[in-house]
Every structure is written in structure tokens, then in C-alpha cells.
Amino acid sequence: PTTLNIHLPRRLPDEVEACAYFVVAEALTNIAKHAHATQAIVSVRFDESSNQLSVSVFDDGRGGAQITPDDDATGLRGLAERVRAARGVFTVSSPAAGPTIVTAVLPCAS
């Protein structure tokens, strides 16, 4: 099961929306494939004062996810590159026993 917590008072620039979509889609795919989780929580919040979108995907799975330089493991690394290209910040917190939290903070200047 996945819980959605969304606060989007308006449409954001296309680049930001697309990047946020890919972060959520890849994170949920990774949860389904690797995490052995019983739940996931997706939070998407727009902060009007900082003009930034924060996207966070949490799961209660086994943890151990990491960004690797391995050419065969492109999921999280690809997300990190995509978020950086959008001038954002991407982090993964995933201790070996879990939980995992994937976060992207994206500037929304149009």
C-alpha cells in the first residue's frame, strides 16, 4: 500500500513536474522490486516562500539502497543526475536495516 500526501496549490513548470514524476516512479519501482516493504509514503510539497518542490518517497523495507557508479545499476544514479540537471538536490537515506527515504528538492523558478 502507498499513501500519498500532496500539497500543490498550482501547476509548476513542466521541467519540475517531469522530474518529480520520474523521482516518484523510479522510487516506487525500486520499492516493488527490492525493498520487501509493507508500505510506502509519497510526499509532494510545494513551499511558496522558497519556491521549491520537495518530493519524498519513504518505505519501511529492508534498506541498503545506494547510488552506485556501477553502469548496470542506473536507477538511483539516473535520478540523481536528472535532479542535478534541474538544479535540485537529491538524497538517499537507506541504512542496512531500513527504512529508505529518497528525497528531491527542486527549484521552481519559471
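Residues numbered from 1 in each chain as written. Predicted model: local features only at pLDDT ≥ 70, side-chain atom pairs only at ≥ 80, totals over all residues. Heavy atoms only, no water.

Colleague: Honestly, the environment of Gly75 in this entry has me stumped. Any pointers?
Modeller: Mapped onto the fold, Gly75 is located in helix H2 (residues 75–85). Between the alpha carbons of Gly75 and Asn51 there is a distance of 27 Å; along the sequence they are 24 residues apart. (Helix = DSSP H or I, 4+ residues; strand = E, 2+ residues; numbered from the N terminus.)

Colleague: Looking at this model, I keep getting lost on the sheet that holds strand S3 (residues 52–59). Mind explaining?
Modeller: Adjacent strands of a sheet pair through backbone hydrogen bonds, lying either parallel or antiparallel. The strand order S1-S2-S3-S5-S4 describes an open sheet built from five strands, whose pairing is mixed. The open sheet terminates on both sides in strands that have one partner only, identified here as strand S1 (2–7) and strand S4 (89–93). With strand direction ignored, the average angle separating the axes of adjacent strands in the sheet is 10°. Alignment of strand S2 (residues 40–47) against S3, held across eight bridges, turns out to be antiparallel. Each residue of the ladder has a partner; that of Asp47, found in S3, is Gln52. Here helix H1 (residues 14–35) sits on the sheet in contact with S1, S2, S3 and strand S5 (100–107), set at roughly 5° to S3. (Pairing = 2+ DSSP bridges. Axes fitted to C-alpha atoms, helices over the stretch in contact; angles between N-to-C directions. Contact = heavy atoms within 4.5 Å.)

Colleague: Would you take a moment to explain the packing of aromatic side chains for this structure?
Modeller: Geometrically, a pair of aromatic rings is defined through the distance of the ring centres and the angle of the planes. The final tally for this structure, using the stated rule, is one aromatic pair. When the centroid spacing of 5.3 Å and the interplanar angle of 75° are considered together, the rings of Tyr21 and Phe22 count as edge-to-face. On the basis of relative accessible area, Tyr21 is assigned to the exposed category, the value being 53%. Over the ring of Phe22 we find Arg82; its NZ or CZ atom is 3.9 Å from the centre of that ring. (Phe/Tyr/Trp six-rings, centres within 6.5 Å; stacked < 30°, edge-to-face > 60°. Buried < 20%, exposed > 50% of the residue type's maximum accessible area, 1.4 Å probe, protein only. Lys NZ or Arg CZ within 6 Å of the ring centre and 35° of its normal.)

Colleague: For this particular structure, what's the right way to read the pattern of salt bridges?
Modeller: Two side chains that carry opposite charge are able to pair once their charged atoms sit near each other. Within this structure, the stated rule accounts for three salt bridges. In this structure, the salt-bridge partner of Arg11 is Glu17, at a minimum N-O distance of 2.5 Å. Under the relative-accessibility criterion, Glu17 is labelled partly exposed at 24%. (Salt bridge = Lys/Arg side-chain N within 4 Å of Asp/Glu carboxyl O.)

Colleague: I'm lost on the state of the cysteines in this one. Help?
Modeller: As used in these notes, a disulfide is a covalent bond between sulfur atoms, one from each of two cysteines. Summed over the entire model, instances satisfying the criterion amount to zero disulfides. Take Cys19: it sits in no disulfide, and the sulfur closest to it among the cysteines is that of Cys108, at 10 Å. Judged by its relative accessible area of 3%, Cys19 falls in the buried class. (Disulfide = S-S within 2.5 Å.)

Colleague: Looking at this structure, how should I read the side chain of Asn30?
Modeller: Among the secondary structure elements, Asn30 is positioned in helix H1. Discounting residues that sit within four places of it in the chain, Asn30 has contacts with Ala35 and Leu76.

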